[in-house]
Structure formats: C-alpha cells, structure tokens
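Coordinate inspection notes
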Amino acid sequence: MHKLSEISRYTPDKLSKHFDCQHNWLLSEFVSSATAQFIDEISSELTGHEFMLPSRN
C-alpha cells in the first residue's frame, strides 16, 4: 500500500498504466480490500482478538 501511495503521488501516470493493463484486476482487488483488511488488522492488534470478515463469494 505504501508503494501505491508513492506512485499515485509522485508518478500518477505510472499508476494509470498499471490500471490499463490486462492484469489490472489484481491491483483493483487489492485496493478494494485494503480498507477492510486494515481495519481488521488494527482492531485485532488493539483488542488481542481476531476479527474476520465473512467471505464475499
């Protein structure tokens, strides 16, 4: 996520190229799940309990 942040800030044209290629689904999937994963990791760290989101299949 840090690298994506750097690319979007300093070289947005490179990031645009990543989303325009045929493998963009992988990057899109990562970005769409990052917020929920971050919240899960922080809440687990703070409480000492594991929280898991239900599968979205």
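Coordinates for the structure precede this section.
Throughout what follows, the structure given in this document is the object of discussion.

Describing the pattern of salt bridges
- Inspection of the entire model under this criterion finds one salt bridge.
- When the shortest N-O distance is used, the salt bridge between Glu6 and Lys3 registers 3.9 Å. Linking Glu6 with Lys3, this pair stays in helix α1 (residues 2-10), spanning three residues, or about one helical turn.
- The partly exposed category is assigned to Glu6, whose relative accessible area is 31%.

Side note on the packing of helix α2 (residues 12-20) against helix α3 (residues 24-47)
- Interaxial distance between α2 and α3 falls to 7 Å at its minimum, and their mutual angle equals 110°. Classified by the interaxial angle, the pair formed by α2 and α3 is roughly perpendicular. Seen from α2, the contacting residues are Leu15, His18 and Phe19; seen from α3, they are Asn24, Leu27, Ser28 and Val31.
- Of the residues belonging to the contact of α2 with α3, the class tally is four nonpolar, three polar and no charged.

Conventions and cut-offs
Residues numbered from 1 in each chain as written. Predicted model: local features only at pLDDT ≥ 70, side-chain atom pairs only at ≥ 80, totals over all residues. Heavy atoms only, no water. Salt bridge = Lys/Arg side-chain N within 4 Å of Asp/Glu carboxyl O. Helix = DSSP H or I, 4+ residues; strand = E, 2+ residues; numbered from the N terminus. Buried < 20%, exposed > 50% of the residue type's maximum accessible area, 1.4 Å probe, protein only. Axes fitted to C-alpha atoms, helices over the stretch in contact; angles between N-to-C directions. Parallel < 35°, antiparallel > 145°, perpendicular 65-115°, else oblique. Contact = heavy atoms within 4.5 Å. Nonpolar A, V, L, I, M, F, W, Y, C, P; charged D, E, K, R; others polar.

Fair warning: the whole summary comes from geometry, so function is off the table for now.
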